[in-house]
Amino acid sequence: MDIKGGKALIETSDYEKRIKVDRYRDIDFNGSKLIIENKVFVRGDIFISPGSVFVCPGSTIKGNIHANTSVVVERGAMVYGCIESFSVENRGEIKGNIEANNFVSYMGKSEGNINAKFVLIAEHAVHIGLINAMCKKIHEQGRHLGT
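Fair warning: this is a prediction, and the values are worked out from it, not measured in the lab. (Residues numbered from 1 in each chain as written. Predicted model: local features only at pLDDT ≥ 70, side-chain atom pairs only at ≥ 80, totals over all residues. Heavy atoms only, no water.)

Let us look at the overall build of the protein. Within the protein, the regular secondary structure consists of zero helices and 19 strands. Taking 147 residues into account, the globule formula puts the C-alpha radius of gyration at 15 Å, and the protein, at 15 Å, falls close to it. Principal-axis analysis of the C-alpha atoms gives the protein an extent of 50 × 25 × 20 Å. Out of the 147 residues belonging to the protein, those deemed buried represent 44%. When contacts within the protein are restricted to residue pairs at least 6 apart in sequence, long-range pairs at least 24 apart make up 1% of them. A total of about 7700 Å² of accessible surface is found on the protein, and carbon and sulfur atoms cover 49% of it. (Helix = DSSP H or I, 4+ residues; strand = E, 2+ residues; numbered from the N terminus. Rg over C-alpha atoms; globule rule 2.2 N^0.38 Å. Buried < 20%, exposed > 50% of the residue type's maximum accessible area, 1.4 Å probe, protein only. Contact = heavy atoms within 4.5 Å. Areas by Shrake-Rupley, 256 points an atom, 1.4 Å probe, with all protein chains shown as cover.)

Okay, here's the thing in structure tokens:
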């Protein structure tokens, strides 16, 4: 655990790592859960195996994310980079290509190409770019603007 002025900057256990301050380098973690806390800026690529990445509200990632299990981008969070994971759930904003088994966007905005088996652009979500999927559903109030 890194400490500055009595405050934990990064909390790590065998299963979970919490990033609590801005970080300007790659993050590589072998565990179940990597949490980018509220309003944290990360510039660099994120690698997690075998777990998941959670990008909390107000956080920004400028780099690619590689996660074996899942990536969750919460409302108000932004990812500027490509995402590769088994499952991607978007409530925020993603600008970059997505390579996943499942991609679901709830009220989120995404821009880039999606290559997945299953894609759901739900109510009030917007995707700009190509979608290559075996099964895709665009909710009647969601929008897909193919390029």
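Within the open sheet, the seven strands sit side by side as β6-β9-β11-β13-β15-β17-β19. Their pairing is parallel. Here the strands that pair on one side only, and so sit at the sheet edges, are β6 (41-43) and β19 (143-145). Across the sheet, the mean angle from the axis of one strand to that of its neighbour is 5°, orientation sign disregarded. As judged from the three bridges shared by β6 and strand β9 (residues 60-62), these two strands associate in the parallel manner. Within β9, the position partnered with Val42 by the bridge is Ile61. (Pairing = 2+ DSSP bridges. Axes fitted to C-alpha atoms, helices over the stretch in contact; angles between N-to-C directions.)

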